[in-house]
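Below, each chain spelled out in residue letters.
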Amino acid sequence: MQSAGEKRQQSEADQLPHWKANQFLAPALGEPYLLTPGPLTTDYAVKQAMLRDWGSWDGDFRAMTAEMRERLLRVAGDDKHEFDCVPIQGSGSFAVEAMLGTFLPKDSKILVLMNGAYGQRIVQTLGYLGRAYSKIDKGDYLPPRADEVAQALDADPAITHVIVVHCETSSGILNPVAEISEVVYAKGRKLLVDSMSAFGAVDLSVHKIRYEAMVSSANKCIEGVPGFGFVIARKSELEAAKGNCHSLSLDIYEQWATMNKTGQWRYTPPTHVVAAFLVALRMHEAEGGAEGRLARYTNNRDVMVEGMRELGFETLLRDRWLSPIIVTFFNPAHPKFEFSRFYDLMKDKGFIIYPGKLTVVDSFRVGCIGRMDANIMRQVVAAASDSLQEMGVDTAAPPAAALDERAKLAA
């Protein structure tokens, strides 16, 4: 039987919003869980926030924008007020292009650290922008290391900036941003960070890791919905960026100057998305901020990976490099395994997974972020087990070629 104190605590918990009571409810409309690195499964309270219309120039909405910017700076650890936050309409790729176009002077040269699809997209973007670049291409998943960066910077004095993808979700690797930052500034260069899928969970505090600007998105670890990205940049870099940008609508300097003067977005903002994001930010704070969210995502990953390995699945990455964001698994070697069939069976059971992006071996990915906890991840493993049985696959062991590929990864 419950004691009087336990009953009182339970009663108080019942009166709280479900997210403050640390409850993880199934999607209210019965939609599948999104086991992806964004868009992802959001809380119903986040969705509900989009039911009201807001005037984009109205004082209430301007106050929402100001609160959002201030909260994001707190997440970044900007206690010395050296940085500012500038939201930008569009998907994450819009915000990445805006960062590159705004903070790279036309006579600059940037070193791109590539180990997946999003590093490749940065190179593609730089081609459109007409900015000079060189690259360190580590292939599908190998991490760029500090000694390689140092050698590249020593070999090319024209390089002014370096950019790294914090979590390369095409493989699930968490790149070593801290060691890269140290060598970049030791060599007198500047660092930009694409932390699209990591910010809000993996620590990127400005007083711990040095960088000039980073970019992320509403629909990642803060657990909002798609519609805008945001840049957190050093104020001195923002001030120096006037006139750099190639684009009217993607000019972060002009967006920053306008917001600081009027409190307004320059062009029509995603009002409903901002309202939802504010709810998500409050939930993020209530969970313990980035530290609390990282703990949940890490537990999600560990429970899911352990269960999948018991079924015979193997991860692309060694444990050291596994991110708490998304995990890549090799496809089973079993002749009856077909990913499209596996995908459909998983979806029928309430889970949408991601196809792989590797070029050398067949794979798929399972996300760990979104409004999910370890109990849900156990359901994911059970769904995978049942799906394999329905396909007639008695082991999920990968082909030898996949394990040979993994052996290339540095220990």
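Every value quoted in this text rests on a predicted model; they were computed, and no experiment measured them. (Residues numbered from 1 in each chain as written. Predicted model: local features only at pLDDT ≥ 70, side-chain atom pairs only at ≥ 80, totals over all residues. Heavy atoms only, no water.)

## Here's the deal with the packing of helix H10 (residues 271-286) against helix H11 (residues 289-310)
Filter applied, for reference: Axes here mean lines fitted to C-alpha atoms, for a helix over just the part in contact, with angles spanning 0 to 180 degrees between N-to-C directions. For the purposes of this entry, the term helix denotes a DSSP run of H or I that reaches at least four residues, the term strand denotes a run of E that reaches at least two, and both are numbered from the N terminus. Orientation labels follow simple angle bins: below 35 degrees gives roughly parallel, above 145 gives roughly antiparallel, 65 to 115 gives roughly perpendicular, and whatever is left gives oblique. Working rule for contacts: check all heavy atoms of both residues, and any pair within 4.5 Å makes them a contact. In this classification, the charged set is Asp, Glu, Lys and Arg, the nonpolar set is Ala, Val, Leu, Ile, Met, Phe, Trp, Tyr, Cys and Pro, and all remaining amino acids, among them Gly, are polar.
Remark: H10 packs on H11, axes separated minimally by 7 Å, with the N-to-C direction vectors making an angle of 80°. The angle between H10 and H11 falls in the class roughly perpendicular. Contact with H10, carried on its side by Met283, His284 and Glu285, involves Gly289, Ala290 and Arg293 of H11 and no other residues of that element. For the contact of H10 with H11, the per-class residue count stands at 2 nonpolar, 2 polar and 2 charged.

## Focus on H11
Put simply, the rule reads: Each residue after the first adds 1.5 Å to the expected span of a helix. Partly exposed residues are those whose accessible area sits between 20% and 50% of the maximum for their type, while under 20% is buried and over 50% is exposed, using a 1.4 Å probe and protein chains only.
With 22 residues, H11 ought to run about 32 Å at 1.5 Å a step, and its terminal C-alpha atoms sit 32 Å apart, in line with that. Taken together, the buried positions of H11 are Gly289, Gly292, Arg293, Arg296, Tyr297, Asn300, Arg301, Val303, Met304, Val305, Gly307 and Met308. Where H11 is buried, its residues meet H10, strand S11 (326-330), strand S14 (363-367) and helix H13 (374-391). At the C-terminal side of H11, Gly312 shows a positive phi close to 105°.

## Describing the sheet that holds S11
Our working definition: Should DSSP find at least two bridges between two strands, the strands are regarded as paired.
Strands sit in the order S11-S14-S13 across an open sheet of 3 strands; the sheet is antiparallel. Here the strands that pair on one side only, and so sit at the sheet edges, are S11 and strand S13 (354-355). Bridge analysis of S13 against S14 gives 2 bridges, and the strand direction is antiparallel. Bridged to Tyr354 within S14 is Arg365. Across the sheet, H11 lies against S11 and S14, angled at about 10° from S11, the strand it touches most.

## Here's the deal with the sheet that holds strand S2 (residues 83-89)
Sheet architecture is open: 7 strands sit in the order S2-S10-S9-S8-S5-S3-S4, paired in mixed fashion. Since the sheet does not close on itself, it has two edges, and those belong to S2 and strand S4 (132-137), each with one partner. Along the sheet, successive strands turn relative to each other by an average axial angle of 20°, direction set aside. By the bridge criterion, 3 bridges tie strand S8 (residues 190-194) to strand S9 (residues 213-217) in an arrangement that is parallel. Within S9, the residue paired with Asp194 across the bridge is Val215. The strands touched by helix H6 (residues 146-155) are strand S3 (109-114), S4 and strand S5 (161-165); relative to S3, the strand with the most contacts, the crossing angle is about 155°.

## Overview of the state of the cysteines
Stated formally: Any pair of cysteine sulfurs within 2.5 Å is marked as a disulfide.
Taken as a whole and judged by the stated rule, the model has 0 disulfides. Unpaired in terms of disulfides, Cys221 finds its nearest cysteine sulfur in Cys167, a separation of 8.0 Å. A disulfide-free cysteine, Cys245 has its sulfur positioned 17 Å from the sulfur of Cys85, the nearest such atom. Judged by relative accessible area, Cys245 falls into the buried class, the value being 12%.

## Quick look at the environment of Phe228
With respect to the helices and strands, the residue Phe228 is situated in strand S10 (residues 228-234). Look at Phe228 and you get buried, because its relative accessible area is 0%. Along the primary structure Phe228 and Glu306 are separated by 78 residues, whereas in three dimensions their C-alpha atoms are 35 Å apart. Those residues in contact with Phe228 that lie beyond four places of it in its chain are Met68, Pro87, Ile88, Gln89, Gly90, Ser217, Ala218, Trp265, Pro270, Val273, Val274 and Phe277.

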